[in-house]
Amino acid sequence: MDFYIGLLQVIGVHTLLGLSAWCILHTGQVSLAQGGFFAIGAYTAGMLTAMAGWSLGPSLFIAALIASLIAIAIGFPALRVKGLMLVVATTAFAEIVRLVFFNLKWQVQTPNGPIGPDGGLGFGGIRYFPANAWSGLEILTLIWCLVAGVMSVLWLLDRSRIGTLWRAVGEDEVAAQSAGINLTAAKVSAFGIGGAIAGLAGGIFSHNTTHIEHGNFTILLATFAIAYPIIGGLKSLLGTLIAVIFIQGFLIEGLRFLGDWRSLLFGAMILAIMLIRPTGLLSAPLRLPLFNSKKNAPIGNAKTGAHHA
Amino acid sequence: MLKVENLARYFGGIKAVDGIDFDIRRGEILGLIGPNGSGKSTTVNLIAGLYAPTTGRVIFEGQDIQKLLPHERANLGIARTFQNIRLFGQLSVWQNLWAARVVRETGWSGLKQRWFSTATQGKLETEAYLEFCGLEHKRDQLAANLAFGEQRRLELARAAISGAPLLLLDEPAAGMNSEEIDDLDQRIRKLRDQGKTILLIEHHMELVMGVCDRVVVLNFGRKIAEGKPEEVQQDAQVQAAYLGSDSDDAFMQAALQA
Amino acid sequence: MAWIDFLDLVQSLMDGVMFGATYALIGIGFTLIFGVMHKINLSYAAASVGAAYLSLLIVSVAPTPLVYLLAAVCGGLLGALIYFVCFKFLPLNQALATLMSTVGMLLVLEEAIVHATAGMPQNYPALFADKVFNLGPFIVRGDLLFVFGLGCAVMVGLKFMLEKTRLGLATRAVAQQPIAAQICGMSVDQTNASTFVIAGLLGGTAGAMTGAAIGVLSPLLTLPLTVKGLVVTVIGGLGSIPGAILAGLIVGGAESLFQFVRGVSERDIYVMLMLFVFLVFRPNGLFAAPGGRD
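Residues numbered from 1 in each chain as written. Chains lettered and ligands numbered in written order. Predicted model: local features only at pLDDT ≥ 70, side-chain atom pairs only at ≥ 80, totals over all residues.

Peer 1: Looking at this structure, I do not really get the overall build of chain B. What am I missing?
Peer 2: If you tally the helices and strands in chain B, you get 10 helices and 10 strands. Taken over 258 residues, chain B has a buried fraction of 47%. Considering only contacts in chain B between residues 6 or more positions apart, those separated by 24 or more positions represent 65%. (Helix = DSSP H or I, 4+ residues; strand = E, 2+ residues; numbered from the N terminus. Buried ≥ 20, exposed ≤ 12 C-beta atoms within 10 Å, placed from the backbone. Contact = placed C-beta atoms within 7 Å.)

Next up, the structure:
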């Protein structure tokens with residue numbers, strides 16, 4: 001039973017991560033920085049509760065806020081570039097964050113011994129949950145309430161004017177700016193909101209696992225973050241959730257049946273999904289690109305699929 | 001309303017636009033014509049802000065708009081359509097119009113907005129423009145799935161709904177049959193009756209001569225003629241540019257002296 | 001700083017620049033694929049390391065140069081495989097899908113390496129490891145010099161191929177105007193496939209050289225190599241091969257420099273910061289690929 005609670009907790013945290021990537025992917029930007037914001041949230045929230053004795057609510061809030069502010073700060077220069085360069089810029093940012101935490105040593109003395117990030121050894125002793133006697137089920141409820149909350153906010157956003165403008169920017173930047181949409185504002189706001197969500201997810205993560213270290217926050221995590229919305233289908237929030245369940249369930253449950261080979265098959269599975277359903281699991285009707293690509297390959301712009309005369 | 005002064009744009013060695021001057025008067029429909037490669041689309045891109053000029057200025061309502069980004073120019077009052085249609089393909093017809101409309105009263109792309117007050121006004125206008133382009137029955141269809149003519153109409157409506165007083169139409173009739181061109185003629189007149197000023201770039205001579213008040217002719221990035229449609233039609237240099245002339249020398253002379 | 005420290009600084013700078021030839025090759029590979037397909041192949045560095053691993057199959061029976069050759073050949077084969085699996089069938093306008101498929105490929109390759117070697121680092125043969133030249137007060141390691149030289153030779157060969165052969169012409173034509181190229185009778189599919197093969201050959205060589213320069217191959221190499229390769233591609237300018245070469249050498253040198261000054265654990269922070277500085281001041285890279293009118 002505990003195992004399943006743990007699995008559901010992980011799925012919840014990863015769903016938040018996927019939702020944060022969903023925001024920025026909506027404006028057409030591919031960002032591998034979510035892992036970095038996740039890390040910032042994780043360390044910040046951990047430091048606030050374990051080292052400064054704050055309670056969980058404010059810590060999570062501040063963690064999300066700081067992650068969001070940093071996202072906005074680096075969003076301005078980073079979002080001036082597009083495509084591959086943005087991928088690299090965000091990758092570089094995420095690596096910088098990881099390396100900074102790898103080198104960060106800052107401990108305070110508590111009655112239980114020194115607590116704080118200890119460079120490569122990580123940051124242990126984030127014991128807010130056990131210290132306050134939260135049960136696994138209560139943690140699970142918290143996580144999923146947050147997931148539901150974030151999803152509702154994003155759903156409302158998507159249906160609002162902001163969502164339409166975000167999508168317009170994602171569809172065709174030239175047309176969007178000619179229609180009067182401020183590209184930078186749209187992209188940076190999506191980035192900032194995504195950063196806040198990732199920071200929140202990170203804060204929960206660090207409390208759930210009680211010990212974090214730089215190796216938790218590699219580029220691979222960021223890749224997972226964007227994998228969820230892409231595989232789930234960008235139009236649908238629910239798709240992201242399903243993708244997380246599918247992927248994490250496979251990875252963790254699959255350990256039982258496939259043993260060591262699960263990671264290999266995992267990569268192959270992603271490949272297969274992309275080949276069969278390039279627009280994601282929860283989107284347009286089934287169409288096998290293997291048979292369609294020659295006939296239907298649209299002529300013209302790769303990003304928008306628009307027709308060029 | 002809009003003045004172009006000594007505008008030039010070079011791409012490496014290519015002088016796409018080589019020092020042109022003209023102005024667009026309020027309420028008029030000005031045609032911009034010229035053979036292929038004469039710099040018409042580049043001029044539109046320069047006015048819209050997608051390219052920065054190598055030299056020269058663009059002055060809109062008395063203000064030099066050099067430093068303004070494309071979206072700022074759109075908000076200031078210059079809207080445009082594209083030669084190769086650029087719609088928001090995965091958005092519905094309604095959403096395409098709504099996006100362009102909604103931007104008018106929101107700052108920062110939606111984050112600063114009056115949440116309740118003007119939504120209904122915007123929706124009414126969107127409905128009106130849906131009717132304008134005749135697509136009410138297709139309002140929820142994805143823009144990418146529309147027929148070519150419908151896409152053109154939608155793009156025109158999207159430019160119009162922005163409320164901009166100046167519309168730059170970049171070859172809106174390209175690929176249309178004569179019925180559709182008549183339809184386009186009617187729409188352009190309707191827009192002018194609503195008080196808009198229009199710069200029309202076109203190849204279809206009947207459309208240009210029929211609907212434009214004045215015409216500017218470009219060739220090799222330079223202005224070679226300007227005036228009423230009938231005057232321009234008679235101009236020897238214009239004829240030489242389009243049709244060639246008796247001797248090649250005369251043709252080159254005409255182009256170089258423009 | 002004492003004179004001896006300064007000498008050490010220059011020494012490590014030199015070593016870094018020579019090692020940078022490997023980064024340059026990976027950067028060229030990324031840029032080649034991007035220039036032709038306008039897509040990123042994130043599995044490229046993993047394929048390069050994988051090719052080097054494959055070449056280990058003959059290490060006990062063949063002289064070292066043949067091992068390198070096999071690495072290059074395997075790289076080419078893996079390149080064709082990646083093209084076939086990830087790119088050929090996906091509709092081109094699904095940029096995100098191709099990106100994800102290359103990620104899937106990256107995971108498959110990396111796990112395959114881990115499985116095949118049980119995660120243990122493998123020794124990789126180096127040439128001229130025992131030869132050392134003296135250049136004034138500096139020491140030039142023979143193996144590094146060879147790595148550098150081989151890299152340069154490969155780059156020259158690539159330039160020759162691109163500019164003087166029909167395949168090179170086809171590659172450049174397809175990169176610029178795929179539809180027009182088809183009308184002229186070039187098979188876009190074949191050209192793209194051959195670009196991947198060529199990039200794969202480069203990558204296999206780079207993988208071999210990385211192994212030779214470091215002395216061991218390990219699956220832990222793939223992610224840092226991917227990141228560094230992408231950094232090189234971006235600094236050099238997307239689609240620009242001379243840019244990737246120059247950027248590779250710069251990154252190699254800078255990496256050594258930062259390591260010398262701040263130690264190995266902080267080194268990459270500064271390399272990334274350097275990338276950010278480039279992005280702010282020269283977002284198109286050192287040599288942007290020539291753009292035309294829209």
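More follows now that the structure is in view.
Peer 1: I would appreciate a short explanation of the pairing of strand β9 (residues 214-219) of chain B in the present structure.
Peer 2: Regular strands show a simple pattern: their side chains alternate between the two faces of the sheet. Residue and element names in this part refer to chain B. Here β9 lies mainly inside the structure; five of its six residues are buried. Bridge count for strand β3 (residues 29-33) against β9 is four bridges, and the pairing is parallel. Looking across to β9, one finds that Gly-31 is bridged to Val-215. The sheet contact formed by β9 and strand β10 (residues 222-227) spans five bridges and is antiparallel. The partner of Val-217 across the bridge, within β10, is Ala-225. Counting the residues between successive antiparallel strands, the hairpin from β9 to β10 contains two residues, one of them, Phe-220, with a positive phi of roughly 50°. (Pairing = 2+ DSSP bridges.)

Peer 1: Would you mind showing me how to read the sheet that holds strand β2 (residues 14-24) of chain B here?
Peer 2: Whether parallel or antiparallel, the strands of a sheet pair through hydrogen bonds between backbone atoms. Residues and elements named next belong to chain B. Strand order in this open sheet of four strands is β2-β1-β4-β5, and the pairing throughout is antiparallel. If you trace the sheet from one side to the other, it starts and ends with β2 and β5 (63-64), each paired once. Bridge count between strand β1 (residues 2-11) and β2: eight bridges; the pairing is antiparallel. When the bridges of β2 are listed, Leu-7 appears paired with Ile-20.

Peer 1: Explain the environment of B:Gly195 here, please?
Peer 2: Relative to the helices and strands, B:Gly195 is located in the loop between α6 (178-193) and β8 (197-201). Taking C-alpha positions, B:Gly195 is 19 Å from B:Val208, a pair spaced 13 residues apart along the chain.

Peer 1: What's the story with the interface of chain A and chain C in this structure? I'm lost.
Peer 2: It is common to give the size of an interface as the accessible area that goes away when the parts come together. Taken together, the contact pairs 44 residues of chain A with 42 residues of chain C. At the level of secondary structure, the elements contributing two or more residues to the side of chain A that touches chain C comprise α4 (83-103), α10 (219-232), α12 (262-276) and α13 (289-296) of chain A. Counting residues per element, the side of chain A that touches chain C draws most heavily on α4(A), at 13 residues. In the side of chain A that touches chain C, the residues fall into 31 nonpolar, nine polar and four charged. (Nonpolar A, V, L, I, M, F, W, Y, C, P; charged D, E, K, R; others polar.)

Peer 1: It is not clear to me how the interface of chain B and chain A should be interpreted in this structure. Could you clarify?
Peer 2: In this complex, chain B contributes 32 residues to the contact, which on the side of chain A involves 25 residues. Of all elements in the fold, only α2 (70-76) and α3 (93-102) of chain B reach the threshold of two or more residues within the side of chain B that touches chain A. Tallying contributions element by element places α3(B) first for the side of chain B that touches chain A, with five residues. Partitioning the side of chain B that touches chain A into residue classes produces 17 nonpolar, 12 polar and three charged.

Peer 1: When you look at the sheet that holds strand β6 (residues 78-80) of chain B in this model, what are you seeing that I'm missing?
Peer 2: All names here are of chain B. Within the open sheet, the six strands sit side by side as β6-β7-β8-β3-β9-β10. Their pairing is mixed. A strand with exactly one partner marks an edge of an open sheet, and here the two such strands are β6 and β10. Shown here is a sheet whose adjacent strand axes are inclined to one another by a mean of 20°, direction ignored. Lying over the sheet, α6 contacts β3, β7 (166-170) and β8, oriented at roughly 150° with respect to β8. (Axes fitted to C-alpha atoms, helices over the stretch in contact; angles between N-to-C directions.)

Peer 1: Looking at this structure, how should I read the environment of A:Leu121?
Peer 2: Checked against the element boundaries, A:Leu121 lands in the loop between β2 (113-115) and α5 (128-131). Expressed as a C-alpha distance, the spacing of A:Leu121 and A:Phe102, which sit 19 residues apart in the sequence, is 8.1 Å.

Peer 1: What's the story with the packing of helix α7 (residues 161-171) of chain A against α3(B) in this structure? I'm lost.
Peer 2: How two helices pack is summed up by the angle between their axes together with the distance between the axes. Where α7(A) meets α3(B), the closest approach of the two axes is 10 Å, and the angle between their N-to-C directions is 105°. Comparing the axis directions of α7(A) and α3(B) gives the class roughly perpendicular. Counting all contacts with α7(A), which are made through A:Arg161, A:Thr164, A:Leu165 and A:Ala168, the residues of α3(B) involved are B:Gln95, B:Trp98, B:Ala99 and B:Val102. (Parallel < 35°, antiparallel > 145°, perpendicular 65-115°, else oblique.)

Peer 1: What should I look at first to understand the packing of helix α1 (residues 2-26) of chain A against helix α9 (residues 183-209) of chain A in this one?
Peer 2: Residues and elements named next belong to chain A. With their axes 7 Å apart at the nearest point, α1 and α9 run at an angle of 165° to one another. On the basis of their axis angle, the class for α1 and α9 is roughly antiparallel. Once α1 is placed against α9, the crossing between them reads as left-handed. When α1 is examined against α9, the residues Gln-9, Val-13, Leu-16, Leu-17, Leu-19, Ser-20, Ala-21, Cys-23, Ile-24 and His-26 are found in contact with a partner set consisting of Ala-190, Phe-191, Ile-193, Gly-194, Ile-197, Ala-198, Leu-200, Ala-201, Ile-204, Phe-205 and Asn-208. In terms of residue class, the contact of α1 with α9 is made up of 16 nonpolar, five polar and no charged. (Left-handed = near helix turned anticlockwise from the far one by under 90°.)

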